[in-house]
Structure formats: structure tokens, C-alpha cells
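Structural description and commentary
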Amino acid sequence: MANYKELSDIAYNFHTQNKLNEAEKIYKELLELSPEDVNILNLFGLLCISKSKFDDAITLLSRALILKNSPYIMSNLAKAYLSKGDISNAVKFLKKAIEIEPDDDKYYSLGIAYKKINNIEKCIESYQKALELNPNNYNTCYNLAVVYEEHKIYNEAIIYAKKCLDIKPNNEEVYALLSGLYEKNSDLSSAVKALEAASKINPKEYLYFFNLGVLYSRINNKNKSRDNYLNALKIKPFNVEALVNLSNVLKKDDPELALEYMLIAYKISPDEKNVLLNLAGLYKDLYQNQKSMQILDKVLKSNHSKHEANSLYAMNYMDTCEYEKALEYYNKALFDCPENYNYMQGKASALKYLGKTDEAQKILEFVHLNNPDDIQCATSLGMIYLFKKEFK
């Protein structure tokens with residue numbers, strides 16, 4: 001039969017191998033034999049935290065702390081309180097432990113505690129003290145980057161995310177974080193580079209390629225956007241969002257191919273509003289107006305918001321020179337979205353073709369006054385002035 005020391009070693013080995021039930025059984029036996037063994041009380045307390053038995057952990061660690069006033073045990077007790085959500089006691093014991101023996105782990109835990117009660121100033125201060133004591137604490141750097149991101153302080157967030165890469169180079173998690181930070185900071189070129197790095201480290205992650213497709217589309221690199229959506233679809237062949245986005249990238253240069261991808265999305269999700277509207281738009285662009293309107297009927301019969309469908313219906317009627325119908329549907333779209341400048345311009349176009357030039361002019365002047373950088377509006381208004389011989 002194993003002696004006390006051998007039993008302790010067996011329990012500890014089970015614990016480190018994450019065989020928690022086996023370790024727990026032996027810890028209980030050991031405490032029956034020696035109820036004041038501080039080391040076993042501490043280890044058993046940590047095991048209880050791992051098993052989310054926070055009250056048991058607090059009881060065990062409190063007993064250990066009475067027997068030995070150790071900053072290490074104080075810190076573990078604080079973590080038990082922190083896990084339970086008792087932030088007040090967690091902060092109290094962490095501060096006591098730091099007074100005796102400051103280290104980066106205690107300050108890191110203190111930063112987590114302050115973040116949970118939204119004391120961001122104290123949270124950042126604690127994380128920064130942790131980094132002063134250990135500049136290579138990856139978790140602290142990462143959490144600081146996230147805290148700054150959450151509070152829209154992107155330049156600082158980027159600094160700490162880069163420090164994470166100094167500590168753990170080629171870390172896809174950090175590259176993905178950096179990409180999002182650069183994007184929020186309006187640096188799309190750097191966002192692309194960071195996400196490209198993440199995708200090379202983990203070429204099986206669908207989201208990296210999907211988001212690269214989005215980013216490349218935003219910087220008007222259609223070829224790269226297309227390639228990344230195709231890569232995303234290799235990983236998730238029936239992802240509707242990627243199919244729709246790929247179709248939208250292709251529709252100007254190759255509308256027939258764009259339609260093929262959109263029809264796949266439609267087959268997968270025949271009732272999804274985004275799919276229906278994009279498919280209807282493609283049919284309209286290909287002058288297959290009846291098919292477009294049949295799809296739009298599905299939207300109008302659903303509980304979806306209907307203004308986009310009404311606007312597309314109006315555009316189909318413009319194509320077929322049914323201007324009274326177009327005007328009717330533009331008015332329906334504007335009823336739901338009375339401040340939509342695109343719908344206003346569409347209505348003005350219908351009015352112009354109906355010979356109601358003065359009404360069209362008033363609408364376009366209103367849009368131009370409120371949105372002077374809209375080239376289409378300026379051009380349409382200029383054409384009306386030209387028609388009316390108001391050359392200046």
C-alpha cells in the first residue's frame with residue numbers, strides 16, 4: 001500500500017494530466033489523513049476551480065491561508081473568488097498578495113478583475129504593471145490590445161498586438177486581431193497584409209479567406225477578392241454569404257457567371273432576403289425583368305422589410321418603359337424610407353420620363369443640396385437644366 005508521500009505524488013500526477021476525478025478522490029483521502037496539509041489544501045482548491053466548484057475552492061484555500069499566510073495561496077483564493085464572480089473579494093486578496101510579493105501574474109489577475117467591473121483605468125494600469133514586471137507576458141499584451149480595441153483606442157491596441165507578435169511570432173490569433181484593428185483604423189492595406197499572414201499559417205480557416213474577399217473588394221481589387229471567396233468556398237462549398245459576395249464581385253464583368261453562383265445560393269436558401277434581392281438585381285441587370293419581378297414577389301409576400309424590393313420593382317419598370325408603374329413603386333419605397341436619396345433620384349427619373357420636369361428638378365435639387373458629392377445626382381440635375389436651356 002502506498003504511503004502518504006507516494007499518494008501525494010500520484011494525486012499530483014493525475015492533476016497535471018487533467019485526470020481531475022482521480023486526483024480529487026486521492027486529495028480527499030489525504031485530507032482525511034492530514035487535514036492541515038497546506039500543500040494538499042492548495043492543490044485541491046485549484047482542482048476545484050478547474051471543476052467550477054468555486055465554493056469548495058474558497059473553503060479549501062481559506063483553510064490553507066489560515067495555516068500559512070502565503071501570497072501564492074492568497075492569489076489562488078483571489079482567482080477562486082474571481083471565477084465565482086465575487087470581484088470585491090478577488091481584488092482584496094490580490095492587493096494583499098501584491099503587497100507581500102508583487103509579480104506579473106497577480107497584476108494580470110487584478111487587471112481581469114477590474115475589467116469585469118468595467119473599471120478600465122485600473123484594468124489598464126494593472127496590465128501595464130504586469131508588463132513592467134514581465135514584458136514577455138503574452139496574455140497581458142493580448143488582453144491590453146483587446147481592452148484598447150473595445151474602447152476604440154486603435155493605435156494603442158495595435159502597439160500591444162504587435163508586442164504579442166514579438167513574444168509569439170507567427171501567431172494566427174494575433175494576425176487576425178491585428179487585421180481587425182487595422183480595418184477599424186481605416187488602414188485597409190495593413191489589414192489585408194495581417195490577414196494574409198494569418199491565412200498562410202492556417203489555410204483551413206474559412207473566415208480568413210472570406211474576410212480577405214471583403215477587404216479586397218473594399219480596396220477595389222476584384223481579382224483578389226474573387227480568388228479569396230473561391231478559397232473560402234473550397235472550405236465551405238455551400239456557404240450562402242460567400243456565394244452572394246462572390247456573385248456581387250463578378251456581376252459587372254461576368255454577369256452570367258455571377259448568376260450561376262447566385263442560383264446556387266438561391267437553391268440553398270430560397271427564402272433568404274439577401275439572396276432574393278441580389279438574384280432579382282442580377283436578373284434585372286441581364287434584362288430578364290419578368291424573372292426579376294417574380295423573385296421580388298416572394299420578398300413582397302414575406303415579412304421582410306419591403307422598400308428594397310419596391311425600389312427594384314421600380315427599376316424593372318424603368319427598363320420596360322412603364323414609367324407610371326415605376327413611379328408607383330418608387331413612392332412605395334419612399335413611404336418606408338422617406339430619406340433615401342437613391343429612391344428620390346429614381347422617382348425624379350420616372351417623373352422626367354413622364355414629362356414632369358419641374359417636379360423632377362425639385363427632387364434633384366433637394367438631393368444635390370444635401371448630398372453635393374453624388375455624381376449621378378449632379379449629372380441628372382445638369383441634364384434637366386440643359387433640357388430647360390438653363391445653360392449657366
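Up top you'll find the structure we're talking about.
Residues numbered from 1 in each chain as written. Predicted model: local features only at pLDDT ≥ 70, side-chain atom pairs only at ≥ 80, totals over all residues. Heavy atoms only, no water.

All right, on to the packing of aromatic side chains then. Per the stated rule, a full pass over the model turns up eleven aromatic pairs. On the numbers, 5.8 Å between centres and 15 degrees between planes, the contact of tyrosine 148 with tyrosine 160 is stacked. Residue tyrosine 148 is found in helix H9 (residues 138-150), and its partner tyrosine 160 is found in helix H10 (residues 154-167); the two are separated by twelve residues along the sequence. Neither tyrosine 148 nor tyrosine 160 differs from the other in exposure class; each is buried. One aromatic cluster in this structure is built from Tyr206, Phe210 and Tyr229. Here the basic side chain of lysine 168 rests over the ring of tyrosine 138, its NZ or CZ set 4.2 Å away from the ring centre. (Phe/Tyr/Trp six-rings, centres within 6.5 Å; stacked < 30°, edge-to-face > 60°. Helix = DSSP H or I, 4+ residues; strand = E, 2+ residues; numbered from the N terminus. Buried < 20%, exposed > 50% of the residue type's maximum accessible area, 1.4 Å probe, protein only. Lys NZ or Arg CZ within 6 Å of the ring centre and 35° of its normal.)

Right, let's talk about the side chain of asparagine 316 for a bit. Note that asparagine 316 resides in helix H19 (residues 307-319). Note on asparagine 316: relative accessible area 0%, which makes it buried. Aside from chain neighbours lying at most four places away, what touches asparagine 316 is Lys284, Asn289, Ser292, Met293 and Leu296. (Contact = heavy atoms within 4.5 Å.)

Turning our attention to the pattern of salt bridges. Overall, the coordinates contain 20 salt bridges when judged by the stated rule. The partner of glutamate 125 in a salt bridge is lysine 129, with the nearest N and O atoms 3.4 Å apart. You can see glutamate 125 and its partner lysine 129 sitting in helix H8 (residues 120-133), four residues apart, about one turn around the helix. Among the residues examined, glutamate 125 registers a relative accessible area of 33% and is labelled partly exposed. One salt bridge in this structure joins lysine 332 and glutamate 328, with 3.5 Å as the shortest N-O distance. With lysine 332 and glutamate 328 both in helix H20 (residues 323-336), this residue pair falls four residues apart, about one helical turn. Linked by salt bridges that have partners in common, Glu24, Lys28, Lys51 and Lys53 make up one network. (Salt bridge = Lys/Arg side-chain N within 4 Å of Asp/Glu carboxyl O.)

No statement about biological role is implied by the geometric values presented.
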